[in-house]
Amino acid sequence: MVRGVEHVLIAAAYLGGALAKRPHGKSLVAPVGAEVLTVGVIGDYGWTGWTPAPDHFCLEVLPTLKAANITIPTEVQNDCDPGDKTYITNATALQADTASYVGQVCSMKNCSAFVSVGDNFYDSGVDFTTGGILRFQAAWVDMYSQGVFDYAPWYQCLGNHDVVKGQSGVDFETKVAPLYDDRWYFGTKGHPYYSYDLKGKDWTATFVVVDSDCFLSSYQKNTSVYYNEYTQKCYKDKHVQVEFLKEEFEKSTADWKFLQLHHPYISAAGNNTDLLPLIEVVEKHNGIVLNGHDHCLAHYEYNNTNYILSGAAGYPQAGDCNNGIKTGPFAKFLAANAETAASGFVTMDISKTSVNVEYHVRDMQYLNNDLYPVQHDLKPLYSFEITQHSK
């Protein structure tokens, strides 16, 4: 598989208006016809290569610029985030360690594809600049490049960190990245929302991807780092994605129907009720929700709908899973304790009769302490099975 400079030139030709032909003709897709097909669900991972703004700028220069009424680009503000600046060293190491762990588990389970739930690049996403290209290469192409990763497609999704740069960042991930590396899949029309089917021997699973950033009213405040021309426009047009989800689910005769998005509707950290129009469609069709955003692993069940949280492929945060304390009967599993949340990911074994969901949780030995002990971390710590078909 050829990657690197050749793909950058192809991407440049694409954006320049020329119809560039990729070496492989089109993005990779999952194999068809398996009795059981295993996919990895992974999110909130892309820390490698991010360089935060210097402390001197963030703590001393930035307040002076604001006092002088100088407009500060949102990505600059975001790169001064004090929490993320604190996390960066450990987050980068944990992304690499967890990538290796995912590769080990998926080699054993023969994962055929990966399903992303967003936040692919911290802290302020990527765009079509040399810096963006370097980030994409380091944080994704090189990070997920060995063994099972090499030929498995990634069905991608946008998260809040992916839209900080606005339309230019969205365009890079939806239009440039699929031409840069044929494993990166973002539909066939260059939109931030799309659908795809996984097809087995005698079953089909329909996945509908939406950009949940377009639904959050909090991102429409001019004080938000996510407030830009892209989020303003797509918030006004969010009904388009609701209708898209309705149409795709209505016309699909699949055994299983999934909504794939970044933000959680049900959470131990904070529910996003702005997503209700999407969730109502899922509930009508007895669908399944895949999301990230909360930096941990969890299973919630609410109104007979399963919510699978897989946001622990980078830096885990215990508070996002309420420090492992279940907040009510809807919280079935939280991979966290008083000290930390665990890194890891989720696999789904999809067949005609069931979707077997397994939570793979790393033994978190770091900082000279075993903060989240898992005796056999190559075996799932928690699992459940979905047997009732979608409709």
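Throughout this description, residue numbers start from 1 for each chain and increase along the sequence as written. Where totals are concerned, whole chains, interfaces and linings use all residues; where local detail is concerned, this predicted model gives features only for residues with pLDDT of at least 70, and gives and counts side-chain atom pairs only at 80 or more. Excluding hydrogens and water, the side-chain values take into account all heavy atoms of the structure.

A run of H or I in DSSP counts as a helix once it spans at least four residues, and a run of E counts as a strand once it spans at least two, with each numbered from the N terminus. Within the protein chain, the secondary structure is distributed over 9 helices and 16 strands. Here the globule rule is a power law, 2.2 Å times the number of residues to the power 0.38, and the radius of gyration is based on C-alpha atoms. Whereas a compact globule of 391 residues would reach a radius of gyration of roughly 21 Å, the protein chain reaches 20 Å, a difference of no more than 12%. Taking the principal axes of its C-alpha atoms as reference, the protein chain extends roughly 60 × 55 × 40 Å. The rule is simple: take the accessible area with a 1.4 Å probe, protein chains only, and divide by the maximum for that residue type; under 20% is buried, over 50% is exposed, in between is partly exposed. For the protein chain, buried positions account for 58% of its 391 residues. Contacts: residue pairs with any heavy atoms within 4.5 Å of one another. Taking all contacts inside the protein chain whose residues are at least 6 apart in sequence as the whole, residues at least 24 apart take part in 73%. Exposure was quantified through the Shrake-Rupley algorithm and a 1.4 Å probe, taking into account, for residues, occlusion by the shown protein chains and nothing else. Per element, the accessible surface of the protein chain, about 15,800 Å² overall, is 51% carbon and sulfur.

Moving on: the sheet that holds strand β1 (residues 37-42). A pair of strands is labelled paired if DSSP reports no fewer than 2 bridges between them. The sheet built from 7 strands is open, its strands ordered β4-β3-β2-β1-β12-β13-β16 with mixed pairing. Of all strands in the sheet, those bounded by a partner on one side alone are β4 (184-185) and β16 (382-386). Relative to strand β13 (residues 355-361), strand β12 (residues 344-350) runs antiparallel, the two sharing 7 bridges. Looking across to β13, one finds that Met348 is bridged to Val357. Helix axes use the C-alpha atoms of the stretch in contact, all axes being lines fitted to C-alpha atoms, and the angles between their N-to-C directions lie in the range 0 to 180 degrees. Helix α4 (residues 82-109) contacts β1, β2 (113-116), β12 and β13 of the sheet and is inclined by roughly 20° relative to β12.

On to α4. Between its first and last C-alpha, α4 extends 38 Å over 28 residues, near the 40 Å set by a 1.5 Å rise per residue. For α4, the principal kink sits at Ile88 and spans about 55°. Two residues or fewer after α4 comes Asn110, characterised by a positive phi angle close to 60°. Helix span, as expected, comes to 1.5 Å for every residue beyond the first. Two axes define the bend at a residue: one fitted to the seven residues ending there, one fitted to the seven starting there, and the bend is the angle between them.

To continue, consider the nonpolar core. Leu198, Phe207, Tyr300, Met348, Ile350 and Tyr359 are the most contacted members of the largest nonpolar core, which totals 120 residues. Sorting elements by how many residues they give to this core places α4 first, with 8 residues. Not counting chain neighbours up to four residues away, the residues in contact with Met348 comprise Leu37, Thr38, Val39, Val41, Phe207, Phe258, Leu290, Ile308, Val355, Asn356 and Val357. Counting 5 residues, the second-largest nonpolar core is a separate cluster that includes Ala53, Cys58, Leu62 and Ile72. Buried Ala, Val, Leu, Ile, Met, Phe, Trp, Tyr and Cys residues that are joined via side-chain atoms within 4.5 Å together make up what is termed a nonpolar core.

Position of Thr174 among the secondary structure elements: in helix α6 (residues 167-180). Here a polar contact is recorded for every N or O atom pair within 3.5 Å, except that within protein the pair must consist of a potential hydrogen donor and a potential acceptor, and residues adjacent in sequence are included only if both atoms are side-chain atoms. Here the side chain of Thr174 touches Val170 through a polar contact of 2.8 Å, landing on its backbone oxygen. Setting aside anything within four residues of it in sequence, one finds Thr174 in contact with Phe186, Gly190, His191 and Pro192.

This brings us to the state of the cysteines. Between two cysteines, a covalent bond joining their sulfur atoms is known as a disulfide. When the sulfur atoms of two cysteines come within 2.5 Å, that pair is taken as a disulfide. Following the criterion strictly, the structure yields 4 disulfides and no others. What pairs with Cys214 in a disulfide is Cys234, and their sulfur atoms sit 2.2 Å apart. Between Cys214 and Cys234 the disulfide shows an S-S torsion of about -100°. By sign, it is left-handed. Residue Cys214 is found in the loop between β6 (204-209) and α7 (229-236), and its partner Cys234 is found in helix α7; the two are separated by 20 residues along the sequence. Given a relative accessible area of 0%, Cys214 falls into the buried group.

In the predicted model, the protein chain carries a mean pLDDT of 92, and 93% of its residues have values of at least 70. Low pLDDT (under 50) marks residues 1-25, which in the prediction has 44 contacts with non-local residues, meaning those over four places away or in another chain. The quantity known as pLDDT measures the predictor's confidence residue by residue, on a range of 0 to 100.

This part takes up the pattern of salt bridges. Just to be clear on terms, a salt bridge is a Lys or Arg side-chain nitrogen sitting within 4 Å of an Asp or Glu carboxyl oxygen. Per the counting criterion, the structure on display carries 10 salt bridges. Of the charged contacts, one joins Lys85 and Asp55 as a salt bridge, the two residues approaching to 2.9 Å between their closest N and O atoms. A residue pair is termed long-range when its members are at least 10 positions apart, and Lys85 in helix α4 and Asp55 in helix α2 (residues 55-67) qualify at 30 residues. Here Lys85 falls in the buried class, since its relative accessible area comes to 18%. Residue Lys109 is joined to Glu358 by a salt bridge in which the shortest nitrogen-to-oxygen separation is 3.0 Å. With a gap of 249 residues between them, Lys109 in helix α4 and Glu358 in strand β13 connect regions that are remote in the sequence. The buried category is assigned to Glu358, whose relative accessible area is 13%. Several salt bridges share partner residues, and in doing so they unite Lys109, Asp349 and Glu358 into one network.

So, on to the packing of aromatic side chains. Note on ring pairs: Phe, Tyr and Trp rings are taken, using the six-membered ring of Trp, and paired if centres are within 6.5 Å. Classes follow the plane angle, with under 30 degrees stacked, over 60 edge-to-face and the rest tilted. Overall, the coordinates contain 36 aromatic pairs when judged by the stated rule. Note on Trp47 and Tyr122: the rings are 4.2 Å apart at their centroids and 10° apart in plane angle, and the pair reads as stacked. With a gap of 75 residues between them, Trp47 in the loop between β1 and α2 and Tyr122 in the loop between β2 and α5 (130-141) connect regions that are remote in the sequence. Grouping residues by exposure puts Trp47 and Tyr122 together as buried. Ring plane angle 35° and centroid distance 5.3 Å describe the contact between Phe114 and Phe149, whose orientation is recorded as tilted. Of this pair, Phe114 sits in strand β2 while Phe149 is found in the loop between α5 and β3 (154-155), placing the two residues 35 residues apart along the sequence. Judged on exposure class, the residue Phe114 and its partner Phe149 are both buried. Of the aromatic side chains, those joined through ring pairs into one cluster are Tyr45, Phe114, Phe121, Phe128, Phe136, Trp140, Tyr144, Phe149, Trp154, Phe172, Tyr180 and Trp184.

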